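Understanding the architecture of this molecule
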Amino acid sequence: MDRNPSPPLRSREEEEEEAAAVGDCIGSTVYSKHWLFGVLTGLMQDVALFLHEFNVPDIFMGILAKSKCPRLREICVGILGNMACFQEICVSISSDKNLGQVLLYCLCDSDPPTLLETSRLLLTCLSQTEVAVVWVERIREHPAIYDSICFIMSSSTNVDLLVKVGEVVDKLFDLDEKLMLEWIRNGAVQPLDQPQEDSEQQPVFRIVPCVLEAAKQVRSENPEGLDVYMHILQLLTTVDDGIQAIVRCPDAGKDTWNLLFDLVCHEFCQSDDPPIILQEQKTVLASVFSVLSAIYASQAEQEYLKIGKVGLPLIDSLIRVLQNMKHCQKKPENSAESNTEETKKSDLTQGDFHLKILKDISCELLSNIFQVLTKETVAQGLKEGQLSKRKCSCAFENLLPLYNPVVEDFLKILREVDKTLAGNLEESFPSLKVQT
């Protein structure tokens, strides 16, 4: 008699998934702990005000202060986070100094889900104008928060947690430059009285390497998270201390440049991408180009910034962005709606404003590179196609008239390398013709 075939052997991945599922069960039941947590936090959206009337935040504060159960702490912070979405409750929670201390302590927890919910709660409070300054001051008064956040960014592989922590840091830096400066300076110098063996056990976190490590982790899995970390780097470059924190340490400067250079030349706005992709990438590109420009302007003597190695690929990427921008800014022809003043204002507020920022930053970086091009580099660019007539014309269209001296100096070099091309460009741009 034929027997039923044996079931296929399970893979290691399937066995691990089953083990994880068992570990997620509530006692001997088949109910998932995370499922229950999701149900509870979802219910809180409807009953938050009711819970607040019965002083639930005070009850949760006691639980958070004493409980050692990670899931219970996660649930408590998660429910408080949902309650904080209501402005009145957010103000009440934020005004409770003791609860505030306990919640900040949760940011030093070792449990990723609890850290995620705590970060979500903090971001909610920091987004409320009425209470944001309260939380900024509390965080400033607790140096351990800096170490905890840096530790998460530098060591966690939990992408959701990294993104949320990045959003918290981005919001903090955007709200308070003083706090950003303090965090930049933290870890910049090793304390003189600290023994060497202690320094090995207690690493000194520096903000730039931590941000870079987090950016590398989220890069392939969460584009929005990468956008957040690029904006953090851009905020750092708005102050001189931030620029120096990037470039004064050769490793940090090189790692930052290499990551951003790789993003621009091998990931964003590639030659086979449709021009409209620029609409999705405009904010992250603006941050990346802004940081590259700041590094380039401050550390042109570094080996990793030698123009022969980086100038031509960057020129190619920058011009491609400017070409795609021209396509994105085209308005529909023969459209009655597109000619109304109301529509023009609406279009400007929705998309053109960010594209204009990207254009300004792109032109600044392009002009910086043009200023240090040599005769040899221009010849190489003509040979490899980065400085074709079409691309030079696009560069000139965007650089003129603001960067007229830069374009004129470039044209002088071009005349020595390719007189015909220089003449053609002069015909297209009469203002650049040599006066006889």
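Anyway, here's the lowdown on the structure attached to this text. Please read all numbers here as calculations on a predicted model, not as lab measurements. (Residues numbered from 1 in each chain as written. Predicted model: local features only at pLDDT ≥ 70, side-chain atom pairs only at ≥ 80, totals over all residues. Heavy atoms only, no water.)

A closer look at the overall build of the protein
Looking only at helices and strands, the protein features 23 helices and 0 strands. For the protein, the proportion of its 436 residues judged to be buried stands at 47%. As displayed, the protein offers around 23,100 Å² of accessible surface, 53% of which is attributable to carbon and sulfur atoms. (Helix = DSSP H or I, 4+ residues; strand = E, 2+ residues; numbered from the N terminus. Buried < 20%, exposed > 50% of the residue type's maximum accessible area, 1.4 Å probe, protein only. Areas by Shrake-Rupley, 256 points an atom, 1.4 Å probe, with all protein chains shown as cover.)

Some remarks on unusual backbone geometry
The residue after L400, namely P401, is reached through a cis peptide bond having omega 0 degrees. Assignment of secondary structure puts P401 in the loop between α21 (389-399) and α22 (404-417). Its identity as a non-glycine residue notwithstanding, C269 has a phi of 45 degrees, on the positive side. Following the sequence through the fold, C269 ends up in the loop between α16 (250-266) and α17 (277-298). By relative accessible area, C269 is classed as buried at 1%.

Describing the nonpolar core
Membership of the largest hydrophobic core comes to 131 residues, with the highest contact counts inside it found for M153, F173, W183, M230, F289, F370 and F396. The contact partners of F396, leaving out residues within four places of it in the chain, are F370, V407, F410, L411, L425, F429 and L432. (Core = buried A, V, L, I, M, F, W, Y, C linked by side-chain atoms within 4.5 Å. Contact = heavy atoms within 4.5 Å.)

Considering helix α11 (residues 177-185)
What sets the pattern is the α-helix's 3.6 residues per turn: residues three or four places apart point alike. Here α11 has its buried residues at L179, M180, L181, W183 and I184. Where α11 is buried, its residues touch α8 (129-140), α9 (143-155), α10 (159-175), α13 (207-218), α14 (223-236) and α15 (240-247). Its side-chain oxygen 3.2 Å from the backbone nitrogen of K178, D176 forms the N-cap of α11. At the exit of α11 stands G187, carrying a positive phi of roughly 80 degrees. (Polar contact = N/O pair within 3.5 Å; in protein donor to acceptor, adjacent residues only side chain to side chain.)

From the geometry alone we can't say anything about function, so treat these as descriptive.
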